[in-house]
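# Inside the fold
So the chains spell out like this:
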Amino acid sequence: GWCPLSPTGAQTTQLLVQPPWRPAVLWDRVTLTCQGSGTAGATTWYKDGQRWGQEGIDHLTVTESGIYRCDSPGAGLSPPVIILNDWLVLQVPTRTLLEGDTVTLRCRV
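The present account deals with the structure reproduced in this document. Treat the numbers as computed from the prediction; the structure is a model and nothing was measured.

## Looking at the sheet that holds strand β12 (residues 106-108)
Read across the open sheet, the three strands follow the order β2-β11-β12; overall the sheet is antiparallel. At either end of the open sheet lies a strand with only one pairing partner, and these are β2 (21-22) and β12. In terms of strand pairing, strand β11 (residues 89-93) meets β12 through three bridges, oriented antiparallel. Its bridge partner being in β12, L90 is matched across the sheet by C107.

## Here we look at the pattern of salt bridges
Evaluated as defined, the whole model comprises six salt bridges. Between R108 and D28 there is a salt bridge, and its shortest N-O distance comes to 3.0 Å. On the criterion of sequence distance, the pair formed by R108 in strand β12 and D28 in the loop between β3 (24-25) and β4 (31-35) is long-range, its members being 80 residues apart. Residue D28 is classed as buried on the basis of its relative accessible area of 18%. As a salt-bridge pair, D48 and K47 come within 3.0 Å of each other at their nearest N and O atoms. D48 gets classed as partly exposed once you look at its relative accessible area, which sits at 45%.

## Focus on the pairing of β11
Both faces of the sheet carry side chains from a regular strand, because those side chains alternate between them. Burial of the side chains of β11 is restricted to one face: V89, Q91 and P93 are buried, whereas none of L90 and V92 on the reverse face is. Pairing between β2 and β11: two bridges, direction antiparallel. Each residue of the ladder has a partner; that of R22, found in β11, is V92.

How each quantity is defined
- Residues numbered from 1 in each chain as written.
- Predicted model: local features only at pLDDT ≥ 70, side-chain atom pairs only at ≥ 80, totals over all residues.
- Heavy atoms only, no water.
- Pairing = 2+ DSSP bridges.
- Helix = DSSP H or I, 4+ residues; strand = E, 2+ residues; numbered from the N terminus.
- Salt bridge = Lys/Arg side-chain N within 4 Å of Asp/Glu carboxyl O.
- Buried < 20%, exposed > 50% of the residue type's maximum accessible area, 1.4 Å probe, protein only.

Printed below as a string of structure tokens:
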């Protein structure tokens, strides 16, 4: 994984999604990994704006739909990742897409 540079040049916290498709769906057995330049073992997880799960671990296997974020001290709060529990979903790869790229879409039922 990679962490893009913020305008000030400091690394930011990112949430990596496995399997690497968005939107992520609960029935895919999604694992989130928090990556940042903060203190190791000090990760805080949030679901729908509330503290969630065990603190200090850098990965989380999702068991409920919702909006997830993580906080790595010194690197800040990650962008949100939405986990759906829909029956039908059109997914795109999580990688950055640029104009002209060939992309594979998945229609999942």
